Amino acid sequence: MQIHVIHENAAWLAPLAQALDAEGLPWCDWFLDRGAFDLSKPPPEGVFYNRMSASSHTRDHRYSAELTAAVLAWLAGHGRRIVNGPRALDLEISKARQYAALEGAGIRTPHSVLVAGRDELVPADRDHFGDGPVILKPNRGGKGLGVRLFQSAEALASYVESPEYEPPVDGLQLLQQYIRAPQPVITRAEFIGGRFLYAVEVDTSDGFELCPADQCTIDDAFCPVGEEPRAKFTIIDDIDDIDDIDDIDAGLKRHYEAFLAANDIEVAGIEFIRDADGTPYTYDVNTNTNTNYNPEAEARAGRSAMSALARFLGTELARLSARREAAE
């Protein structure tokens, strides 16, 4: 019996592989971009950790997410222990379903409009956001790909009508409220085993730089402040004691943990940004958590999320083994 890691990117697997090996845990990887699976037979035993990414199509693995959904259904049908199962994958590959689930849990998200059709984008923007700034992002994204800020409806129209326009892989896009933060910072809260581990403050002075935040250029809203440079990634131990956080969202960590439990998500990074009033807006739930742990920030803080993740998977494997032995 071993840990099975479901993924489609060998480069992203390396840090977890090192952590699992350091813990002396038995594991193997399931590289799901193609293959044949006999659904009439039971899958192997063990703990299955789903790390399938919403951006898999950008690495020529167009149908990896769909294949993973089918494989997870097969595993679930046989009662296998899955970390980040079908519901987690469903939210990973759809921002629209993510936001619906977050709002249903009482967690505030930016005003978002789902749009199907290239020619629907500009009319929808004018109807819902007027001529103000708006963010355009794909429904199925990852790594910040395709996320753009437009300062006006005219700027959006110029992009949509240009050869640079990028059609979304699933045909769906989101127009989203632009949250103007008082400082160039977003926060990503990390969860392992459904429990808060730590958070990372990300300096976006130079624009969002891939993971752990969406990549988009924020122009003058995110110009550097102060004279002393700060680290791009800084680990903080809590998110509920931030001085200017909105009283309505006090206990944000608890709300996040309840949301994850309700959606069968055990490993995740949840990103939020605060406006000038301190009100947090949650804009992304990353349920594959690949290389999003920043090694430089962890070294400064003396933390290792990958080690914590490996220990969690090892504990789940030990529990499963004990139950199987007791049943025999």
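Up top is the structure these notes are about.
In what follows, the accompanying structure is described. Sequence positions are assigned chain by chain, starting from 1 and proceeding in written order. Side-chain atom pairs in this predicted model are given and counted only at pLDDT of 80 or more, local residue features only at pLDDT of at least 70, and totals for whole chains, interfaces and linings cover all residues. For side-chain calculations, the full set of non-hydrogen atoms in the structure is used, while hydrogens and water are omitted.

### Quick notes on the overall build of the chain
Each helix is a run of DSSP H or I of at least 4 residues and each strand a run of E of at least 2, with the numbering of both proceeding from the N terminus. Helix and strand counts for the chain come out as nine helices and 13 strands. Relative accessible area decides the class of each residue, using a 1.4 Å probe on protein chains only: under 20% of the type maximum gives buried, over 50% gives exposed, and in between gives partly exposed. Counting every position in the chain, which comprises 328 residues, the buried fraction comes to 54%. We call two residues in contact whenever any of their non-hydrogen atoms come within 4.5 Å of each other. Considering only intrachain contacts with a sequence separation of at least 6, the fraction spanning at least 24 residues in the chain is 71%. Note on areas: these come from Shrake-Rupley sampling with a 1.4 Å probe, and a residue is covered only by the protein chains present in the view. For the chain, the computed accessible surface area is about 14,400 Å², with 50% contributed by carbon and sulfur atoms.

### Side note on the sheet that holds strand S5 (residues 112-116)
Spatially, S5-S8-S6-S7 is the arrangement adopted by the four strands of the open sheet, whose pairing is antiparallel. Bordering the open sheet on either side are S5 and strand S7 (148-150), each of which pairs with just one other strand. Direction aside, the axes of adjacent strands within the sheet are offset by 25° on average. Note on definitions: angles span 0 to 180 degrees between N-to-C directions of axes, and those axes are lines fitted to C-alpha atoms, for helices only across the stretch in contact. Strands S5, strand S6 (134-138) and strand S8 (172-177) of the sheet are contacted by helix H4 (residues 95-104), whose axis makes an angle of about 45° with S8. Here, strands pair whenever DSSP counts at least two bridges between them.

### A short note on the nonpolar core
In a soluble, globular protein the nonpolar side chains are often hidden away together inside. We call a set of buried residues a nonpolar core when its members are Ala, Val, Leu, Ile, Met, Phe, Trp, Tyr or Cys and they connect through side-chain atoms within 4.5 Å of each other. By size, the foremost hydrophobic cluster in this structure holds 56 residues, and its most contacted members are Ile239, Phe259 and Leu309. When residues of this core are assigned to their parent elements, the largest contribution, nine residues, is made by helix H9 (residues 305-327). Setting aside residues up to four positions removed in sequence, Phe259 forms contacts with Leu91, Ala101, Leu102, Ala105, Ile107, Ile265, Ile270 and Val285.

### Examining the packing of helix H5 (residues 121-129) against helix H6 (residues 153-160)
Packing of H5 against H6 brings their axes to within 9 Å, and their N-to-C directions diverge by 170°. One finds that H5 runs roughly antiparallel with respect to H6. Touching Leu121, Val122, Asp125 and Arg126 of H5 are Ala153, Glu154, Leu156, Ala157 and Val160, all from H6. Three residue categories are used. Nonpolar comprises Ala, Val, Leu, Ile, Met, Phe, Trp, Tyr, Cys and Pro, charged comprises Asp, Glu, Lys and Arg, and polar comprises the others, including Gly. Grouping the constituent residues of the contact of H5 with H6 by class yields six nonpolar, no polar and three charged. Working rule for angles: under 35 degrees goes down as roughly parallel, over 145 as roughly antiparallel, 65 to 115 as roughly perpendicular, anything else as oblique.

### Points about the pattern of salt bridges
In what follows, salt bridge is the name for a side-chain nitrogen of Lys or Arg lying within 4 Å of a carboxyl oxygen of Asp or Glu. For the structure shown, the criterion picks out 19 salt bridges. One salt bridge connects Glu271 with Arg188, and the closest N-O pair in it is separated by 2.8 Å. Taken together, the residues Glu271 in strand S12 (residues 267-274) and Arg188 in strand S9 (residues 185-192) connect sequence positions 83 residues apart. Accessibility assignment for this pair places Glu271 and Arg188 in one class, buried. Residues Arg319 and Glu316 are paired through a salt bridge, measuring 2.9 Å at the closest nitrogen-oxygen approach. One end of the pair is Arg319 and the other is Glu316, both in helix H9 and three residues apart, which spans about a single turn. Within this structure, Arg81, Glu266, Glu316 and Arg319 form a network of salt bridges that share partners.

### Things to note about the packing of aromatic side chains
Working definition: an aromatic ring pair is given by the centre-to-centre distance plus the angle between the planes. Aromatic rings from Phe, Tyr and Trp, taking only the six-membered ring of Trp, are treated as a pair when their centres fall within 6.5 Å; an angle between ring planes under 30 degrees marks them as stacked, one over 60 as edge-to-face, and anything in between as tilted. Applying the stated criterion across every chain, the model contains eight aromatic pairs. Measuring from ring centre to ring centre gives 6.2 Å for Phe37 and Trp74, while their planes differ by 65°; the resulting arrangement is edge-to-face. With a gap of 37 residues between them, Phe37 in the loop between strand S2 (27-31) and strand S3 (46-50) and Trp74 in helix H2 (residues 64-77) connect regions that are remote in the sequence. With a relative accessible area of 29%, Phe37 lands in the partly exposed category. Each member of the aromatic cluster is reached from another via a ring pair, and the members are Trp30, Phe37, Phe48 and Trp74.

### Things to note about H4
Every buried residue of H4 is listed here: Lys95, Gln98, Tyr99, Ala101 and Leu102. Burial along H4 is one-sided: seen end-on, the buried residues are contained in an arc of 165°. The exposed set on the far side of H4, more than 90 degrees from its buried face, consists of Ala100 and Gly104. If you follow the buried residues of H4, they end up packed against helix H3 (86-92), S5, S6, S8, helix H7 (252-262) and strand S13 (280-286). Directly after H4, the chain includes Gly106, whose backbone phi takes a positive value near 80°. As used here, the arc is the angular range of directions from the helix axis to the C-beta atoms.

### Section: the sheet that holds S2
Hydrogen bonds between backbone atoms are what pair the strands of a sheet, whose relative direction is either parallel or antiparallel. Read across the sheet, four strands follow the order S2-S1-S3-S4 without closing on themselves; strand pairing throughout is parallel. Where the open sheet ends on each side, the last strands, each with one partner, are S2 and strand S4 (81-83). Averaged over all neighbouring strand pairs, the angle between strand axes comes to 25°, with direction disregarded. The strands touched by H9 are strand S1 (2-7), S3 and S4; relative to S3, the strand with the most contacts, the crossing angle is about 145°.

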